[in-house]
Each structure stands twice: as C-alpha cells, then as structure tokens.
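Architecture at a glance
Single-letter residue listing:
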Amino acid sequence: MSAQDQPQDMSSLAGRIINFGKFNVTSQVFHKTSHSFALVNLKPLLPGHILVCPLAVQPHLSDLTKDEVADLFLTVTHVQRTLKRVYRAEAFNVAVQDGEAAGQSVPHVHCHVIPRVTGDPGGGDKVHEWLEGEEGNVGRHQQEQQQQERQAGQWAKDEERKPRSKEEMEKEAQWLREEMGKDEKESVL
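What counts and how
Residues numbered from 1 in each chain as written. Predicted model: local features only at pLDDT ≥ 70, side-chain atom pairs only at ≥ 80, totals over all residues. Heavy atoms only, no water. Helix = DSSP H or I, 4+ residues; strand = E, 2+ residues; numbered from the N terminus. Buried < 20%, exposed > 50% of the residue type's maximum accessible area, 1.4 Å probe, protein only. Contact = heavy atoms within 4.5 Å. Areas by Shrake-Rupley, 256 points an atom, 1.4 Å probe, with all protein chains shown as cover. UniProt positions renumbered as here; feature names shortened; annotations may be inferred. Polar contact = N/O pair within 3.5 Å; in protein donor to acceptor, adjacent residues only side chain to side chain. Pairing = 2+ DSSP bridges. Salt bridge = Lys/Arg side-chain N within 4 Å of Asp/Glu carboxyl O.

As a further point, take the overall build of the chain. Per the secondary structure count, the chain includes four helices and seven strands. In the chain, the succession of α and β elements from N to C terminus is β-β-β-β-β-α-β-β-α-α-α. A total of 189 residues make up the chain; the buried ones form 46% of that total. Counted over contacts in the chain with a minimum sequence separation of 6, partners at least 24 positions apart contribute 62%. Just so you have it, the chain exposes about 9,700 Å², and 51% of that area is on carbon and sulfur atoms.

Okay, structure coming up:
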C-alpha cells in the first residue's frame, strides 16, 4: 500500500466537511483515504450496507482520475474485509449506478457495498430490484432527512425501512471506525 493509499486518521476530519453530492455526511463517515471515504447508509437495504465515494464530487466514473478510480475500488475491497468479519458475510453485492438513467439518485459516484449471507431477505435479484426502486433512492432519502432535520429535528419516515437517527449512524460509524482500525493493525503485523 503506497502512502497515498494509506487510511487517514479520522481526526483529520476535524473542521472538514465531507459531502455526498450536496449532503453533509461528515458524521456518517467511518473511513477516509486521500481520495475516498466510506459512510454508513441512512436506510441500509440489509445490515452493513455502506457506501464508498470519492472525495471529489463527480457524477460519473469516467469523470474521475485514474488515481481516484484506483483508490475508490481499493477502498471498497479494504472495507469489505472488515464488513466480512463483523457481519459474518459470505458474499457481497458491490454496485455502481453510473448516472441518473442507471438509477443514480445522488450525482456523486458511489459504490454500494452490501454484505450477504445465505438466506437473507435480499436473495436472488431482490437487492438489484431494491437498488433500482424507491428503496435504493439514496438522494431522496438524504433530501427528506435534511428537510425533516430543518423542520422538526426528525428523520424522514418510510413504510418499509425506517431511517436511522443521526445518533444511530454516528454510533455505527464509530464502531466501524474502530473495527477498521483493528484490521489495519493486523495487516501491519
């Protein structure tokens, strides 16, 4: 791993706002590199569903530099190791909806990383259906959450998946940050 690929200490986030599109997601971020970040999802499709994004707010993979693309996917695989361990995942769905016509609801490149186990409710192609449908409309969920926070300090409600509170997401982000740290210490040994 080169120096630029090394994870950065999360204290480097102090005073820095990290955006997912136009949304401030700093408190949801649990891992950051020189070009990418990983964040917990407001409405995960399955337990452990996270997003990995480049720090550069770009709508398409082809808009990223070679270094940004490499770092994005290296970060996906790095985060998968921790998710595999902590969620006992047997497999993963890794999906990129590259542009609005492909179902991208926030014009910022992002990889959905979804831990899978045999018999989970997303079996078959259900996860792909969810990503394409309203369940996977991350932009709408973030917009509703932001609007609700401004109006009443509440998170948006959804029939099938209840949004998590900011505190719940911060707690999960802190837990995953600690777990990523354990895996980083092991890889150095």
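Let's shift gears to the environment of T77. Tracing the chain through its elements places T77 in helix 1 (residues 66–87). Judged by its relative accessible area of 36%, T77 falls in the partly exposed class. Sequence separation between T77 and V113 is 36 residues, and the spatial gap between their C-alpha atoms is 9.4 Å.

On the UniProt side, "active site" (unreviewed entry) is annotated at positions that read H110 here. Here H110 shows up in the loop between strand 6 (91–96) and strand 7 (111–116). With near-sequence residues (within four places) excluded, H110 lies in contact with F20, L51, V52, C53, A95, V96 and Q104. A polar contact of 2.6 Å, which involves the side chain of H110, links it to the backbone oxygen of H108.

To continue, consider the pairing of strand 4 (residues 36–40). Buried residues dominate strand 4, accounting for five of its five residues. Burial of the side chains of strand 4 extends over both faces: S36, A38 and V40 are buried on one face and F37 and L39 on the other. Direction of pairing for strand 3 (residues 29–32) relative to strand 4: antiparallel, over a ladder of three bridges. Within strand 4, the residue paired with H31 across the bridge is A38. Hairpin connection of strand 3 to strand 4: three residues between the antiparallel strands. The sheet contact formed by strand 4 and strand 5 (residues 50–54) spans five bridges and is antiparallel. Counted as the bridge partner of V40 is I50 from strand 5.

Bringing the pattern of salt bridges into the picture now. In the structure shown here, the tally under the stated rule is five salt bridges. E179 serves as the salt-bridge partner of R85, at 2.7 Å between the closest nitrogen and oxygen. Of this pair, R85 sits in helix 1 while E179 is found in helix 4 (residues 166–188), placing the two residues 94 residues apart along the sequence. Given a relative accessible area of 35%, R85 falls into the partly exposed group. On the basis of relative accessibility, which here comes to 8%, the residue E179 falls in the buried class. The partner of E172 in a salt bridge is R164, and the shortest N-O contact between them spans 2.3 Å. For R164, a relative accessible area of 16% gives the class buried.

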